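# Commentary on secondary and tertiary structure
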Amino acid sequence: MDNQKTGALILKLRTEKKLTQKQLADMLCISDKAVSKWERGQGLPDVSLLPELSNIFGVDIERLLDGGLSQNTFAAGNLKKTKYYVCPVCGNISICTGNAEVTCCSRKIKEAVPQKPDEAHVLNIDKAEDEWLITSVHEMKKDHYISFIAFASDDRLHIIKRYPEWNIETRAPIMRHGVLLWYCTRHGLFYKNI
């Protein structure tokens, strides 16, 4: 930890929130001299104050201690490049069109990297009227199932949530020139270009 960098970040975040040192100190039940000390790089907040500082500034604790915020570059909006994050504890799905740091159930979640399916993870895609009919023989048990199917084109994303003990027979709107993705709770994210 670098006192100067952390102090500079606290100063920046405090001024962005239009708070005086006294107002921030009052929120934390400390003296404004302590806040001044941090901002001058003369000390660091007590570890017991970090969760509240994180909450006030909307910045995670790790970034506060690191003393820096990173900014993503503008994502042009091609939804075929969407990144998927799936919590291994609760199964929550997060999607991002650019880089992100995602946490769920108090754990950092890594981006699910799409892979080509093996024989056990193939989805069958047929045209049925004006929709795709998507089927599979993949098992759907509580500890091993396809949790979602997504179809992404340049400007659209369609996600279909699946649950254990449901069969995989679903329909999706036909979108040309896209990618079909599906997530197996044991083996990860798979894809097929359409």
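Owing to the predicted nature of the structure, the values given are computational and were not obtained by experimental measurement. (Residues numbered from 1 in each chain as written. Predicted model: local features only at pLDDT ≥ 70, side-chain atom pairs only at ≥ 80, totals over all residues. Heavy atoms only, no water.)

## Quick notes on the sheet that holds strand β11 (residues 179–184)
The 4 strands are arranged β9-β8-β11-β12 in an open sheet whose pairing can be described as antiparallel. With one partner strand each, in any of the chains shown, β9 (157–161) and β12 (188–193) form the two edges of the open sheet. Pairwise comparison of adjacent strand axes, ignoring direction, gives a mean angle of 15 degrees for this sheet. With 5 bridges joining them, strand β8 (residues 146–152) and β9 adopt antiparallel strand pairing. (Pairing = 2+ DSSP bridges. Helix = DSSP H or I, 4+ residues; strand = E, 2+ residues; numbered from the N terminus. Axes fitted to C-alpha atoms, helices over the stretch in contact; angles between N-to-C directions.)

## A word on empty space enclosed by the protein
Here the structure, examined in full by the defined rule, presents 2 cavities of 30 Å³ or more. Of the voids in this model, the largest cavity is the one considered here, and its volume is about 40 Å³. Ile125, Trp132, Ile134, Phe151, Ala172, Leu180 and Ile194 together form the lining of the largest cavity. By volume, the second largest cavity amounts to about 30 Å³. (1 Å grid on protein atoms, 1.4 Å probe; cavity = no way out; pocket = protein on both sides within 12 Å on 5 of 7 lines; lining within 4 Å. Points joined across faces, edges and corners; volume = space filled by probe spheres on them.)

## A closer look at the side chain of Arg14
Summarising the element assignment, Arg14 is placed in helix α1 (residues 3–16). Assessed through its relative accessible area of 9%, Arg14 is described here as buried. The residues touching Arg14, leaving out its near neighbours within four places in the chain, are Leu19, Thr20, Gln21, Leu24, Val35, Glu39 and Phe57. (Buried < 20%, exposed > 50% of the residue type's maximum accessible area, 1.4 Å probe, protein only. Contact = heavy atoms within 4.5 Å.)

## Here we look at the sheet that holds strand β10 (residues 169–173)
Spatially, 3 strands are ordered β6-β7-β10 in an open sheet, and the strand pairing comes out antiparallel. The sheet is open, and its two borders are formed by β6 (124–128) and β10, each paired with just one other strand. Taken over all neighbouring pairs, the strand axes of this sheet differ in orientation by 30 degrees on average, direction set aside. The pairing of β6 with strand β7 (residues 131–135) spans 5 bridges and is antiparallel.

## Here's the deal with the confidence of the model for the protein chain
In this model, the protein chain carries an average pLDDT of 90, and 96% of its residues clear a pLDDT of 70 or more. Model confidence for the protein chain, summarised as mean pLDDT per element, is weakest for helix α5 (residues 61–66) at 85 and strongest for strand β5 (residues 111–112) at 96. (pLDDT = per-residue confidence, 0-100.)

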